[in-house]
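If you want the building blocks of each chain, they are given just below.
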Amino acid sequence: MTFSITRRGLLIGSAAGLGAFGLTGCDDVVQNPNVQSVLDMAETLTMKSQRLLVPKDKLAREYSEADISPTFRPNGTSQPDSEAYAQMMATGFADWRLKIDGLVERPVELSLADLKKLPSRTQITRHDCVEGWSAIGKWTGAQLGPLLQSVGLKPQARYAVFYCADQLELTLDGSGTYYESIDLIDAFHPQTILAYQMNGKDLEVAHGAPLRLRVERQLGYKHAKYLMRIEMKDSFAGLWGGKGGFWEDRGYEWYAGI
Ligand SMILES: Nc1nc2c(c(=O)[nH]1)N[C@H]1C(S)=C(S)[C@@H](COP(=O)(O)O)O[C@H]1N2
Ligand SMILES: [Mo]
């Protein structure tokens, strides 16, 4: 699959920068526990310094209608490959529900119509993918912060985990399911929305219908498409690879600040 080769290329590319550690053999480099802990440390430092330098509510840059890209390339899954998703598509997502559970006081299941009644925000932003392309689009959706407030967070809740309808890697145990996570700072950021519209129209399947996350201060892979469930958690321990996201489990940074 060309997709994973590109990703691999990127991982190997960044591992090459570790030549200073006197290590050779790219596969071993990322697997080596010492290198992995250096990478983890570097990542924590990146997040801490970004969090220190960037005020909590600083907005990502917003653009004008004239800046909207004429084409916005779909990336990763462009249509989840399951019978269940095909059925939801066939009925215009009338039977789709977003489940919100975990460390919340009042778990809920929301229809698209429910979500469209919630406080919304429209923003024209630039999407940056690690694969080296960007596009500007207009997104409309329910703000995540007020929604989480309305279900009531338990004091232990630290992360919102987003589960998607697609498996990017087909596995029997579900570990190939696309998922992502953000902390409460990003969950309550005003530009963090559950988007049901792109460029003024219902979200297309290729872009994550019926609902996708927009978390504008982070890279493209954080913007989970095909949302099915949001689980509030206190850690990622025991959740698939334990790193808080599909690509994170495969070596990407958890905090992907732009
Ligand atoms: N469920 C799911 N979400 C996903 C992906 C995916 O493959 N599956 N790919 C991610 C990546 S790497 C990018 S760049 C963006 C692409 O969004 P787009 O398809 O609307 O361009 O979605 C992100 N969210
Ligand atoms: Mo991406």
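As annotated in an unreviewed UniProt entry, the protein chain carries the name DMSO/TMAO reductase YedYZ molybdopterin-dependent catalytic subunit and comes from Rhizobium viscosum.

A. Structural detail: the packing of aromatic side chains. If you walk through the whole model with that rule in mind, you get 13 aromatic pairs. Arranged with centres 5.7 Å apart and planes meeting at 90°, the rings of F72 and W139 form a pair that is edge-to-face. With F72 in the loop between α3 (33-53) and α4 (83-90) and W139 in strand β4 (residues 133-143), this pair connects stretches of sequence that are 67 residues apart. Pair check on accessibility: F72 and W139 agree, each one buried. The ring of F246 carries R250 above its face, with NZ or CZ at 3.6 Å from the centroid.

B. Here's a closer look at the site of ligand 1. The full set close to ligand 1 counts 23 residues, and R73, N75, D166, H207 and K225 are the nearest of them. Contact distances for ligand 1 include 3.0 Å between an oxygen atom and a side-chain N or O atom of R212. Contacts to ligand 1 include K225, whose side-chain N or O atom sits 2.5 Å from an oxygen atom. Burial of ligand 1 by the protein chains amounts to 100% of its free accessible area of 530 Å². Among the elements of the structure, β3 (120-129) and β5 (159-167) are those that each provide at least two residues to the shell around ligand 1. Residue classes in the shell around ligand 1 are distributed as 11 nonpolar, 7 polar and 5 charged.

C. Structural detail: unusual backbone geometry. Omega for the peptide link from A209 to P210 comes to 5°, which places this bond in the cis form. Its location among the elements puts P210 in the loop between β8 (201-202) and β9 (212-214). A positive phi angle, near 65°, is found at F93, a position not held by glycine. Its location among the elements puts F93 in the loop between α4 and β1 (98-102). In this structure F93 comes out as buried when scored by relative accessible area, which is 10%. The phi angle at N199 is positive, at roughly 50°, despite the residue not being glycine.

D. Focus on the nonpolar core. Grouped together as the largest cluster of nonpolar side chains are 50 residues, with contacts concentrated most on L98, L115, F162, L194, L227 and I230. Looking at this core, the elements that each hand over two or more residues are α4, β1, α5 (112-116), α6 (144-151), β5, β6 (177-183), β7 (193-198) and β10 (227-233). The element best represented in this core is β5, accounting for 6 residues. Each residue touching L227, except ones within four places of it in the same chain, is listed here: W96, L98, F162, Y163, C164, L194, L211, R212 and L213. Listed in part, the 9 residues of the second largest apolar core include C129, W133, M198 and L203.

E. Region of the structure containing the pattern of salt bridges. Inspection of every chain in the model, using the stated rule, returns 13 salt bridges. For E131, the salt bridge goes to R73, with nearest N and O atoms at 3.3 Å. Note that E131 is positioned in the loop between β3 and β4 and R73 in the loop between α3 and α4, a separation of 58 residues in sequence. Among the salt bridges present, the one from E248 reaches K222, with a minimum N-O distance of 3.0 Å. Pair noted here: E248 is in the segment after β10 and K222 is in the loop between β9 and β10, with a separation of 26 residues, a long-range link. In the salt-bridge network here, residues are joined through shared partners; they are D101, R229, E231 and K233.

How each quantity is defined
- Residues numbered from 1 in each chain as written.
- Chains lettered and ligands numbered in written order.
- Predicted model: local features only at pLDDT ≥ 70, side-chain atom pairs only at ≥ 80, totals over all residues.
- Heavy atoms only, no water.
- Phe/Tyr/Trp six-rings, centres within 6.5 Å; stacked < 30°, edge-to-face > 60°.
- Helix = DSSP H or I, 4+ residues; strand = E, 2+ residues; numbered from the N terminus.
- Buried < 20%, exposed > 50% of the residue type's maximum accessible area, 1.4 Å probe, protein only.
- Lys NZ or Arg CZ within 6 Å of the ring centre and 35° of its normal.
- Near = heavy atom within 4 Å.
- Polar contact = N/O pair within 3.5 Å; in protein donor to acceptor, adjacent residues only side chain to side chain.
- Areas by Shrake-Rupley, 256 points an atom, 1.4 Å probe, with all protein chains shown as cover.
- Nonpolar A, V, L, I, M, F, W, Y, C, P; charged D, E, K, R; others polar.
- Core = buried A, V, L, I, M, F, W, Y, C linked by side-chain atoms within 4.5 Å.
- Contact = heavy atoms within 4.5 Å.
- Salt bridge = Lys/Arg side-chain N within 4 Å of Asp/Glu carboxyl O.

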